Amino acid sequence: MTAARPSPAGPSSAGADAAPADVVVGLVAAPGAPAELAGELAADLTGALRERHPDVAWDLRVVEDGLVRPPADDAEIVGAARDRLLAEEWDLAVVVTDLPLSVDRRTVVAHASPVHGVAVLSLPALGAVGRRRRALQTTLGLVRTLLGDDADGEGDPAALRRRVRELAADPADTAEGVRFTARVLTGNLRLLVGMVRANRPWRLTIQLSRALTAAVAAGVFALVTADIWRLADRFGLLRLSAVGLGSVVAICATLVVGAELWERTRSRRVRKQVALFNLATTATVVIGVLTFYAALFALALAGSLLLVPAGLFAEGLGHPARIGDYLELAWLTSSLATVGGALGAGLESDEAVRGAAYTHRPDAAG
């Protein structure tokens, strides 16, 4: 990793006696051409941000840091930039890299991860003509995305101004613990929804092959086991609900704790960042697992109707099989399959889980 040093270019280095800024944006540039471009962008970017959001002060801090050792993908760059953001107590971070970025073999200009508060701009994708202008426009778009603005810039202006003021607020006056987290949740609900939607939580477990394989195996075993039929028949609503809830909690805890998705607060200034990150992470995982559970239930119901003959099912239950019995079997089967998915999730690598949990938004090169 290249040693980081403050760049001489940039508004923050111009005057040590300037009043402290309210919103701090770290512009992290790799050595060489990216650092030169970042130095050229600093003043224009600060001016554009102040013009768009004049009710707060903006402090753009340009640093030269390679962050990662190539080859590296955007997820590694975002992770390294997130660590730097927390260490430096920035509010947002934009990385200018000389590494090419791609999604599904398609070259992209940039990625933005609102959950992390980090965006990445790829210098090679900007082309050779009008590079500074394109870099400025793209970077402004990335900052809007990190703030929760719509991609076309037509989001709710009042909500966006609220978000900017919240970033600028002094965290020393806020409440502690649960009260603080509740305030972050209510004050940033629109942004949180956008962050979770950008993560596409419904695709979470599908991208974890070991969890999916273990879940399917457990589900098939449950469907063909007569003891499971009888348990589903005897459990009743309360026990079936408890087993279902326990299975969802098990796989959520495995994903969040096992892959170390939960961040700890390092300082008071970044408490909002960390609280919002943890809320978005938890919501992403829970929605993803619930979607997975619903899909397993539908598959289990279809499988039970197709693979478990009514006569054999009735013989195993000791009474005529009704549609309610098939629903109970599908319910218990999907719960057991989810527990199997939790065991499979424990075998996934941390990188695989993080990659599935966080989907960065691409901006195609044109």
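For the structure, see preceding data.
Below, the structure is looked at part by part. Numbering of residues starts from 1 in each chain and follows the order in which that chain's sequence is written. Where local features are concerned, this predicted model is filtered to residues with pLDDT of at least 70; where side-chain atom pairs are given and counted, the filter is 80 or more; whole-chain, interface and lining totals use all residues. Calculated side-chain values reflect all of the structure's heavy atoms, with hydrogen atoms and water omitted.

Another point: the nonpolar core. Ranked by internal contacts, the top residues of the largest apolar core, which has 34 residues, are Leu27, Trp58, Leu121, Leu126 and Leu142. Secondary structure elements are taken from DSSP: a helix is a run of H or I of four residues or more, a strand is a run of E of two residues or more, and numbering for both begins at the N terminus. Of all the elements in the fold, those that place two or more residues in this core are strand 2 (23–29), helix 1 (33–52), strand 3 (58–64), strand 4 (92–97), strand 6 (106–113), strand 7 (118–122) and helix 3 (131–146). The element that contributes the greatest number of residues to this core is helix 1, accounting for 8 residues. Among the buried residues, those of types Ala, Val, Leu, Ile, Met, Phe, Trp, Tyr and Cys that are joined through side-chain atoms within 4.5 Å form a nonpolar core. Note on exposure labels: buried denotes an accessible area under 20% of the residue type's maximum, exposed denotes more than 50%, and partly exposed covers the range between, all computed with a 1.4 Å probe on protein chains only.

Burial analysis of strand 7 places 5 of its 5 residues in the buried class, which makes it a mostly covered element. Residues Val118, Val120 and Ser122 point to one face of strand 7 and Ala119 and Leu121 to the other, with burial holding for every one of them. Both strand 4 and strand 7 contribute to a ladder of 5 bridges, which runs parallel. Note that in strand 7 the partner of Val96 across the bridge is Leu121. For two strands to be treated as a pair, DSSP must find at least two bridges joining them. In this structure, strand 6 lies alongside strand 7, joined through 4 bridges in antiparallel fashion. If you follow Ala112 over to strand 7, its bridge partner there is Ala119. Taking the residues between adjacent antiparallel strands as the criterion, strand 6 and strand 7 are bridged by 4 residues, where Gly117 takes a positive phi near 75 degrees.

What follows concerns the pattern of salt bridges. For salt bridges, the criterion is a side-chain nitrogen of Lys or Arg within 4 Å of an Asp or Glu carboxyl oxygen. One pass over the structure, following the stated rule, counts 7 salt bridges. Linking Glu263 and Arg82 is a salt bridge whose minimum nitrogen-to-oxygen distance equals 2.7 Å. A residue pair is termed long-range when its members are at least 10 positions apart, and Glu263 in the loop between helix 8 (226–258) and helix 9 (271–307) and Arg82 in helix 2 (residues 74–88) qualify at 181 residues. Judged by its relative accessible area of 15%, Glu263 is buried. For Arg82, a relative accessible area of 2% gives the class buried. Across the pair Asp227 and Arg230 runs a salt bridge, and its minimum N-O distance is 2.5 Å. Remark: Arg230 and Asp227 occur in helix 8; sequence separation between them is 3 residues, near one turn of the helix.

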